[in-house]
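Here is how the chains run, residue by residue.
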Amino acid sequence: MPKIRRVAILDDYQQVAHQYADWSTLPGSPELTVFTHPLGGPAEVIAALEPYDVVVAMRERTAFPAEVLGKLPNLRLLVTTGPVNASIDLAEARRRGITVSGTRPAGLTPTAELTWGLIHALARSLPAEDGNLRDGAWQRTVGRDLYGARLGVIGLGGVGSRVAKVGLAFGMDVVAWSAHLDPEHATSLGVTPVSKRELLETSDVVTLHVRLSARTAGLIGRDELARMRPDALLINTSRAPVVDEEALLAALTAGTLGGAALDVHSAEPLPADSPWRGAPRTVLTPHLGYVTADTYDAFYRDALDDIRAYAAGEPIRELTP
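Source: prediction; values computed, not measured.

Asks: Which parts of the structure should I look at to understand the overall build of the chain?
Replies: Of regular secondary structure, the chain possesses twelve helices and twelve strands. Its C-alpha atoms give the chain a radius of gyration of 21 Å, near enough to 20 Å, the size a compact globule of 321 residues would have. If one aligns the C-alpha atoms of the chain with their principal axes, the spans along those axes are about 60 × 50 × 30 Å. Across the 321 residues that make up the chain, the buried fraction comes to 48%. When contacts within the chain are restricted to residue pairs at least 6 apart in sequence, those whose partners lie at least 24 apart make up 64%. About 15100 Å² of surface is accessible on the chain, with carbon and sulfur atoms providing 51% of the total. Charge centroids of the chain, computed over 31 positive and 38 negative side chains, lie 2 Å from each other.

The following block contains the structure:
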């Protein structure tokens, strides 16, 4: 059975890894290091992780492409929270004999809940009004009604379906599109399947819930943004590359789009000099979709179980190319 010597837990921004799992129960009492800040680019990741034979990654916060995996000669087990991770080169890991294990899926409901928090924050200017009130002002904005408005859901999977149901509860006209949308599934939810063009041209709020892939990268670009209503709101709790950020920033600056709420960003953490920090009519959050107590509890407990199973010679929840 493999002996575990050094374990690294990455990107524990809130410093809660020890709160959600008892790492003292790791077999063989290996050396444990918790990294609470981003490691940086590939060179910094390699330098920091070269000694470790087990690494626990939090979602896609740290990438493991072939160039990184190839320079981690001691790595034998890479655990990712969640059942999939687009930032890990699984084929390269297999070639190098690195086992990759995941955890149970978690975070679907929290992401849907955050989506609605962002919709309300944007439609009612909540961050601005909070700041206005603290500065001594009173009622500086006029909010938008959601009842009777059209909600366009792009991607009607686990998160999108949950978002759609809430939209219906608010009395919204909910429509949906995706490349492989099941019309029967949509209608069973009370959602109207439409074309991508109709969704973009007629929706008051457009919300994105698709997995990042070669097919969905750039799904909302300059042309799609131009089709949207000038007062429409765009919500992205999916992945940043699904939207052409440069085109979106240009549309917001030009006033051709009503607003955007973004939980995901092309560079995370968001750089201090990012133009998004000063973008008009936006609500920005630091990738909070899955960051809840229940999700972290599942992620960290499962990660610990993955390590135990590997040490026992019986890896579980293996991810394959």
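What follows continues from the structure just given.
Asks: Honestly, the pairing of strand S11 (residues 259-262) in this entry has me stumped. Any pointers?
Replies: Taken residue by residue, a regular strand's side chains alternate between the two faces of the sheet. Going residue by residue along S11, you find Gly259 and Ala261 tucked away on one face and Ala260 and Leu262 tucked away on the opposite face as well. Crossover strand S10 (residues 233-236) to S11 through helix H11 (residues 245-254) is right-handed.

Asks: Explain the sheet that holds strand S5 (residues 99-101) here, please?
Replies: In a beta sheet, neighbouring strands are held together by backbone hydrogen bonds and run either parallel or antiparallel to one another. The strand order S2-S1-S3-S4-S5 describes an open sheet built from five strands, whose pairing is parallel. Each end of this open sheet is capped by a strand with a single partner; those strands are strand S2 (31-34) and S5. Looking at each pair of strands side by side, their axes are set apart by 15° on average, direction ignored. Packed on one face of the sheet, helix H12 (residues 293-311) meets strand S1 (6-9), strand S3 (54-57), strand S4 (77-80) and S5 and runs near 160° to S4.

Criteria and cut-off values
- Residues numbered from 1 in each chain as written.
- Predicted model: local features only at pLDDT ≥ 70, side-chain atom pairs only at ≥ 80, totals over all residues.
- Heavy atoms only, no water.
- Helix = DSSP H or I, 4+ residues; strand = E, 2+ residues; numbered from the N terminus.
- Rg over C-alpha atoms; globule rule 2.2 N^0.38 Å.
- Buried < 20%, exposed > 50% of the residue type's maximum accessible area, 1.4 Å probe, protein only.
- Contact = heavy atoms within 4.5 Å.
- Areas by Shrake-Rupley, 256 points an atom, 1.4 Å probe, with all protein chains shown as cover.
- Lys, Arg positive; Asp, Glu negative; His and termini not counted.
- Charge placed at Lys NZ, Arg CZ, Asp CG, Glu CD.
- Right-handed = clockwise from strand over helix to strand, strands pointing away.
- Pairing = 2+ DSSP bridges.
- Axes fitted to C-alpha atoms, helices over the stretch in contact; angles between N-to-C directions.

Geometric descriptors of this kind do not, in isolation, establish any biological role.
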